[in-house]
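Architecture and fold: a report
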Amino acid sequence: MPYPTHRYRALCDLTPAEENALINLGDAEVVRRRGQTFQREGDVVSGFHLHIRGWISSSIVLRNGDRLIQKIHLPGDMLATPSMVLPHAADTLTAITEAVTAFVPYERIGQLWTEMPRLGALFTTAAQMERLALMDMLAITGNASAKEQLARLLVDLHTRLTPIDMVQDDSFHLPLTQEIIGDLVGLTAVHVNRTIRAMEAEGLISRQGHRFRLLDLPALRQLSPLPPRRPRFEAPWLPAAAA
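Small disclaimer: the values here were computed from a predicted structure and weren't measured.

Observations concerning the packing of aromatic side chains
Under the definition given, this model contains three aromatic pairs. Note on Tyr3 and Tyr8: the rings are 6.4 Å apart at their centroids and 55° apart in plane angle, and the pair reads as tilted. Each member of the pair, Tyr3 as well as Tyr8, is classed as buried. The interplanar angle of 50° and the centroid separation of 5.4 Å between the aromatic rings of Tyr8 and Phe123 together place this pair among those described as tilted. With Tyr8 in helix H1 (residues 6-9) and Phe123 in helix H4 (residues 117-140), the pair connects residues that are 115 residues apart, well separated along the chain. No difference in accessibility class separates Tyr8 from Phe123, as the two residues are buried. Each member of the aromatic cluster is reached from another via a ring pair, and the members are Tyr3, Tyr8, Trp113 and Phe123.

Quick word on the sheet that holds strand S3 (residues 47-53)
Spatial ordering of the open sheet is given by S1-S8-S3-S6, a layout of four strands whose pairing is antiparallel. Taken across any chain shown, the strands that pair with only one partner, and hence form the sheet edges, are strand S1 (30-32) and strand S6 (78-79). The sheet contact formed by S3 and S6 spans two bridges and is antiparallel. Of the residues in S6, the one forming a bridge with Leu50 is Met78.

Definitions and limits used
- Residues numbered from 1 in each chain as written.
- Predicted model: local features only at pLDDT ≥ 70, side-chain atom pairs only at ≥ 80, totals over all residues.
- Heavy atoms only, no water.
- Phe/Tyr/Trp six-rings, centres within 6.5 Å; stacked < 30°, edge-to-face > 60°.
- Buried < 20%, exposed > 50% of the residue type's maximum accessible area, 1.4 Å probe, protein only.
- Helix = DSSP H or I, 4+ residues; strand = E, 2+ residues; numbered from the N terminus.
- Pairing = 2+ DSSP bridges.

Below you can see the structure in the form of structure tokens.
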């Protein structure tokens, strides 16, 4: 299964050479079993991971020992890139479902910047999209209701899952516990459960097991505290594609 390149195709029309470079950037694929931690905060790091399949969480541990999950990664993401500026891993990566990753040594990505500068610029742009997502999350934490926070999360997942064909009829599999959802939106598991039930009663969503259907996507988008971020296509500052 090749590494999904939709995040980069949303930024510009990739050349065949760029598409091939992305697909073949990582080492051999590694299957991560459900619940497996394959990077721990504080580990010595020498590269990052391409996310090919499954769901993966990124978490940090606070001084009091509490674990905080701050990001859910989906196929097409680059895992552990914040650690590129540190001698040790900034976060812990754990497979929520069975997942597949491919390791990329830092030297290889450095070579890519030299040989394909436009592709290197696209990596930078993708990292800035992650920064925007973090800015939005920080902006609404503590400043939005539980319903607004859950609406934002569900709309965000719908948007991220659609390009990889994991949404059917506005429904998708959500393999997250209510504790994990609570970590992501700053609520207790009990509050998450209560809010989900309220949203079901209002006809905004329905669920069957771990499958969620967004029954009124326009209303959920309107309820979300912030509008969606849409990346600029073919930004004029991008370097020319390598011949």
